[in-house]
Amino acid sequence: MALRPPQSHEILRPARPGFIALTLAAALFANLLPWTGAALLIKPDFLAVILLYWCVREPRKIGFAVAWLLGLTMDIGNATLFGQHALAYTLLAYAGVTLHRRVERFTIAQQTLQVVPMLLLVQVATLLVRMAAGADFPGLLYFSGSLTGAALWPLLSTLLPLPQRPKASPDQLAI
Amino acid sequence: MEHSPPPFFKTGPTPLARLLIFSALSFMLLAADARFGYLAPLRQFVSIVVYPFQRIAAAPADILRRIGEFFVTHSSLREENARLLQEMLANSASLLQLKALQAENRHLRELLAARSRITPEARPAEVLYAARDPFSRKVIIDQGARNEVKAGQAVADARGVVGQVTRVYPWLAEVTLLTDKGHAVPVQNLRSGLRGVLFGVGHDGTLELRFMPLSADVQPGDQLVTSGIDGTYPPGLPVAEVTTVERDAALMFARIHARPLSGVASHTHVLVLSWQRDVPELPAEPAPQPKRRKGKKG
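Basis of the calculations
- Residues numbered from 1 in each chain as written.
- Chains lettered and ligands numbered in written order.
- Predicted model: local features only at pLDDT ≥ 70, side-chain atom pairs only at ≥ 80, totals over all residues.
- Heavy atoms only, no water.
- Helix = DSSP H or I, 4+ residues; strand = E, 2+ residues; numbered from the N terminus.
- Buried < 20%, exposed > 50% of the residue type's maximum accessible area, 1.4 Å probe, protein only.
- Expected span 1.5 Å × (residues − 1).
- Contact = heavy atoms within 4.5 Å.
- Phe/Tyr/Trp six-rings, centres within 6.5 Å; stacked < 30°, edge-to-face > 60°.
- Lys NZ or Arg CZ within 6 Å of the ring centre and 35° of its normal.

*Asks:* Any chance you could explain unusual backbone geometry here in plain terms?
*Replies:* Apart from glycine, the bulk of residues carry a negative phi angle, and the bulk of peptide bonds sit in the trans form. Residues and elements named next belong to chain B. With a phi close to 60 degrees, E148 is a non-glycine residue in the positive phi region. With respect to the secondary-structure elements, E148 resides in the loop between β2 (138-141) and β3 (154-156). The class for E148 is exposed, based on a relative accessible area of 57%. With a phi angle near 60 degrees, F211 is a residue other than glycine that sits in the positive phi range.

*Asks:* When you look at helix α3 (residues 46-57) of chain A in this model, what are you seeing that I'm missing?
*Replies:* Each turn of an α-helix holds 3.6 residues, which means side chains three or four residues apart point in the same direction. Residue and element names in this part refer to chain A. In a regular helix each residue adds 1.5 Å, so twelve residues correspond to 16 Å; α3 covers 17 Å between its end C-alpha atoms and thus fits that length. Most of α3 sits inside the fold, with ten of its twelve residues counted as buried. When we look at burial in α3, the residues that qualify are L47, A48, V49, I50, L51, L52, Y53, W54, C55 and V56. The secondary structure elements touched by the buried residues of α3 are α1 (17-32), α4 (64-77), α5 (84-104), α6 (108-132), α7 (144-151) and α8 (153-159).

*Asks:* I keep staring at the packing of aromatic side chains and nothing clicks. Help me out?
*Replies:* Two aromatic rings are characterised by how far apart their centres lie and by the angle between their planes. With the rule as written, the count across this model stands at ten aromatic pairs over all chains. For the ring pair A:Y142 and A:F143, a centre distance of 5.3 Å and an interplane angle of 70 degrees mean the geometry is edge-to-face. On the numbers, 6.1 Å between centres and 90 degrees between planes, the contact of B:F199 with B:F211 is edge-to-face. Pair noted here: B:F199 is in strand β7 (residues 195-200) and B:F211 is in the loop between β8 (207-210) and β9 (223-226), with a separation of twelve residues, a long-range link. Ring pairs connect the aromatic residues A:F19, A:Y53, A:W54 and A:W153, which therefore count as one cluster. If you follow B:R210 out to its NZ or CZ, it ends over the ring of B:F199, 4.3 Å from the centre.

Structure follows, in structure tokens:
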């Protein structure tokens, strides 16, 4: 089995809820790692990217409630204003769920470009909430997190569907 | 009247409705947290759920540091040992003097009938990680309400003030650093005795002494220590060193920048200082005056 994103004609098995939970927990964990300084500004919001991935691929399993609750845990872990990530992730879930048919029609490279504005939406929502609460604008480098997050999209689209690939039947010829 | 056919699949509310519901919930939480501070119990509860993640996520850095400590070479240990011995000798001389000075100070204060100074209790704590929020400067330490840490306690390291405990969870506490934009420390210039308030500006390594008149006696190199008039920071702790002083006649105040003395961005071990000051009771509030109609503007 070649390591490549699934083609549109392939029929994948449904994602197992345990696997989805595992990836989301791993993303939360990656977000909670001790990032500081420049790495903090450039680092993608892993949880947002994984959440968006599942909202696009499995919109009937992962949606608003999960996004909102994960946002709350992020608010606690990051010592931020309560509800800030919850609001941002809710908007992200809306974008993902409503646009999932559209995004899936494109190739992986084109999907990546579609993902950038959705991740930017998360950052802009966070920024607006914080600026309303009296924070300063942290500089344009703040938005680079969306670009690095979108850069993860091809990797995720290749790796995450692997457990969903149907097992090759013994009758099939090896290609 | 026409009836629409029942839907094939039950999907619940439309995405837009869900968006509105969850956004409204988020806004309610935001308002409750930012304006009224109602959500302390909820925060406590969710913090218990997130706590294992926080500890596990902080572990790799901790393990790396310990491995680094294990591979310290023999010579560097010997060097450090010799240096520490030297320092101890140098310090013990001044410590002897300090004891005599403390006795003298106490005696003089008794003579003046002044309040005696209270030495704060220090509780060591370890910094787990810095909060990953580009808008604020906070760190999370591994002591919480279980260890009798309270919001408002000062936090210092070996070189000076680090910040202040602002939120307490059962096993963790949030410390707002000196460099946070919303943080202020009342300080005193060690050389001239001038009091002022030192503000964080939101990025590492810079503090600002605001509202000092153009003629204020402040020079680059001056040491700023806590003045203790806020009742939060014990008096006399080193805070910062003045780096630049700009006096522009066009402005009301001098622009004075300072550099924090403690390793605000780098420390791993800190001390939580508990210090209680017996402040006299507040005078009784005057009876509320009947409201009068305000006059028109202008």
